[in-house]
Amino acid sequence: IVAVTGDGVNDSPALKKADIGVAMGIMGSDVSKQAADMILLDDNFASIVTGIEEGRLIFDNLKKSIAYTLTSNIPEISPFLIFILASIPLPLGTVTILCIDLGTDMVPAISLAYEQPELDIMNRKPRKAKTDHLVNARLIGFAYLQIGMIQACSGFFTYFSVMGEHGFRPDRLIGLREDWDDNAVESLEDSYGQQWTYDARKELEYTCHTAFFVSIVIVQWADLLICKTRLQSLFQQGMYNNALTFGLFFETALACVLSYAPGTDRVLRLFPISWRHWLTPLPFSLLIFLYDEVRKAFLRKQSIHGWVGKETYY
């Protein structure tokens, strides 16, 4: 890669021909500025390094924000797939999904824009613009097929825990959807012979929606932490992003408000859940964090060109 600097009219052909033409912002002529790819506003060559670092940081943080946002799509979509395929009562409602996408996930996703650069950001080779896209297959695979699947398992485990606590074992739920949603059925039996009216069933279903929603919020804690870095460990990067810390508290506080505030049961169909159901997703959240720390340890040991990097480094 050839970079050419210049400030005069005579430098314009070389500035245009070079891979990167750099013109002077103060002393440079208008012709040289038009021919250049980059203009140094302060005429300081050290600004080139700063500009490259800022550009890489913006690209990095956009990737991190996209990875964080995409991950929760799997635990949001999978309940509807299982609802159709296994004919179980709906684990997660559409309004609840909006609460996640337009509520709890918004501030954390934006906070990643304020993340500080990683230690290796200036040691990387230049990005190939034609192949190294912002969203690539590895990012999709990591967000959907790895972290997203763990989050979906967390949501379903919480859903079946709530159902089981109220008498509906998993084998009883399969194929139950038609009777469950039939308001003419006022004596539906659970796994232990207890009879449930239509209104009682719906209240339990909405309680499951809340539990599934809380589960996604809790596993998104870990997702936000692992998205802070693409290569470095969280312990190397540190927790110096105050916007991200605020995002963690914000999504938790909003989840509490939506779950327990008066009136949300009527407006959003979110019914209060027991404190035990806040603990159910925690092992999955810890699993996500540990899995990603091990993955990044392999990346640092093998470099991003090893088999782990080729499959997971986005």
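In what follows, the accompanying structure is described.

Rules and cut-offs
- Residues numbered from 1 in each chain as written.
- Predicted model: local features only at pLDDT ≥ 70, side-chain atom pairs only at ≥ 80, totals over all residues.
- Heavy atoms only, no water.
- Pairing = 2+ DSSP bridges.
- Helix = DSSP H or I, 4+ residues; strand = E, 2+ residues; numbered from the N terminus.
- Contact = heavy atoms within 4.5 Å.
- Core = buried A, V, L, I, M, F, W, Y, C linked by side-chain atoms within 4.5 Å.
- Buried < 20%, exposed > 50% of the residue type's maximum accessible area, 1.4 Å probe, protein only.
- Patch = residues over 30% accessible without salt bridge, like charges linked within 9 Å, V, L, I, M, F, W, Y side chains within 5 Å.
- Areas by Shrake-Rupley, 256 points an atom, 1.4 Å probe, with all protein chains shown as cover.
- Salt bridge = Lys/Arg side-chain N within 4 Å of Asp/Glu carboxyl O.

### What to know about the pairing of strand β1 (residues 3-6)
Thought 1: Here 4 bridges tie β1 to strand β2 (residues 20-24), and the two strands are oriented parallel to one another. Each bridged residue has a counterpart across the sheet, and for A3 the counterpart in β2 is I20.

### Description of the side chain of S29
Thought 1: Mapping S29 onto the fold places it in the loop between β2 and α2 (30-35).
Thought 2: Leaving out residues up to four positions away in the same chain, S29 has contacts with D7, G8 and V9.

### As for the nonpolar core
Thought 1: Core analysis: the largest hydrophobic core is formed by 30 residues, its most contacted members being Y159, M163, F168, L173, W180, L204 and F213.
Thought 2: Residue assignment for this core shows that the elements contributing at least two residues are α5 (94-104), α7 (137-165), α10 (198-226) and α12 (242-260).
Thought 3: Top element by residues in this core is α10. It accounts for 9 residues.
Thought 4: Leaving out residues up to four positions away in the same chain, Y159 has contacts with I88, P89, L90, P91, L173, C208 and F212.
Thought 5: Ranked by size, the runner-up nonpolar core spans 23 residues in total, among them A67, I150, L225 and L248.

### Let's talk about a nonpolar patch on the surface
Thought 1: A surface patch of nonpolar side chains, about 500 Å² in accessible area, is lined by I77, L81, I82, I84 and L85.
Thought 2: Secondary-structure assignment places I84 in helix α4 (residues 73-85).
Thought 3: For I84, a relative accessible area of 56% translates into the label exposed.

### A look at the pattern of salt bridges
Thought 1: Going through the model one piece at a time under the given rule, you end up with 10 salt bridges.
Thought 2: Linking D120 and R124 is a salt bridge whose minimum nitrogen-to-oxygen distance equals 3.3 Å.
Thought 3: K202 is the partner of D181 in a salt bridge, and the nearest nitrogen-oxygen pair spans 2.8 Å. With D181 in the loop between α9 (177-180) and β4 (188-189) and K202 in helix α10, this pair connects stretches of sequence that are 21 residues apart.

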